[in-house]
Amino acid sequence: KREVDGLIQRSILDQANYKSPEDEETQLASAQKENVAALKERLGRQQEYNKEIKANISSIATRKVRDSSIIGEVERDLKAIEGKLSDLTNKIERTRRQQKEIIAEESDSIEKSLQLISHRKDDIEKEVESVRDKHSKELKNHHVNRDKVMQEHETKLDELESYATKS
């Protein structure tokens with residue numbers, strides 16, 4: 001009896017644990033539907049993420065084009081400024097050279113003028129010395145002549161006095 005009871009119990013348990021192939025297919029189908037739904041959800045999120053990435057890439061490409069345009073303009077402006085700067089530098093150098101030439105010419109002219117003035121001064125000093133010497137000689141001659149004239153005058157006065165005292 002025990003054996004029979006044990007077999008009955010096992011049979012009851014086996015029936016309770018037994019699943020029909022239809023139940024397993026339903027469970028597999030249900031699991032696959034859940035997996036497909038989860039995959040669709042992940043695919044949707046990935047597609048949204050991809051759209052954001054494409055928008056970012058488009059924005060970056062637009063910025064790159066705009067930046068390239070700005071860089072081109074800046075490079076053209078820079079070249080124009082470099083040209084103007086080069087022109088100004090050349091003009092400054094020309095002006096400096098011209099000013100140096102003018103200064104050199106004026107310095108030479110001033111030097112020549114100073115030499116002429118120095119020569120003229122020497123000539124004037126010689127002329128003044130000559131005039132002094134001449135004046136000094138004339139003054140000595142005048143004094144000598146005056147002394148002679150005074151002596152002659154005194155002699156004549158003496159003669160007149162002696163003639164006047166004689167008479």
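1. A look at the overall build of the protein chain
When you go through the protein chain residue by residue, the secondary structure sums to two helices and zero strands. Since a compact globule built from 167 residues should have a radius of gyration of about 15 Å, the 68 Å found for the protein chain marks it as more spread out than a globular shape. Taking the principal axes of its C-alpha atoms as reference, the protein chain extends roughly 230 × 40 × 20 Å. Counting over 167 residues, the protein chain shows a buried share of 1%. Summing over all exposed atoms, the protein chain offers an accessible surface of approximately 16,200 Å²; the carbon and sulfur share of this is 54%. With 33 positive and 36 negative side-chain charges, the protein chain shows a separation of 4 Å between the mean positions of the two kinds.

2. What about the pattern of salt bridges?
Inspection of the entire model under this criterion finds seven salt bridges. For E48, the salt bridge goes to K51, with nearest N and O atoms at 3.7 Å. Of the two residues, E48 and K51 both sit in helix α2 (residues 21–166), three residues apart, roughly one turn of that helix. The exposed category is assigned to K51, whose relative accessible area is 54%. Where E129 meets R132, a salt bridge forms, and the shortest distance between an N and an O atom there is 4.0 Å. With a gap of three residues between them, E129 and R132 both fall in helix α2, about one helical turn apart. Assessed through its relative accessible area of 40%, E129 is described here as partly exposed.

3. Observations regarding a negative patch on the surface
Taken together, the side chains of E101, E105, E106, D108 and E111 define an acidic patch exposed on the protein surface. Mapped onto the elements, D108 comes out in helix α2.

Each value, and the rule that gives it
Residues numbered from 1 in each chain as written. Predicted model: local features only at pLDDT ≥ 70, side-chain atom pairs only at ≥ 80, totals over all residues. Heavy atoms only, no water. Helix = DSSP H or I, 4+ residues; strand = E, 2+ residues; numbered from the N terminus. Rg over C-alpha atoms; globule rule 2.2 N^0.38 Å. Buried < 20%, exposed > 50% of the residue type's maximum accessible area, 1.4 Å probe, protein only. Areas by Shrake-Rupley, 256 points an atom, 1.4 Å probe, with all protein chains shown as cover. Lys, Arg positive; Asp, Glu negative; His and termini not counted. Charge placed at Lys NZ, Arg CZ, Asp CG, Glu CD. Salt bridge = Lys/Arg side-chain N within 4 Å of Asp/Glu carboxyl O. Patch = residues over 30% accessible without salt bridge, like charges linked within 9 Å, V, L, I, M, F, W, Y side chains within 5 Å.

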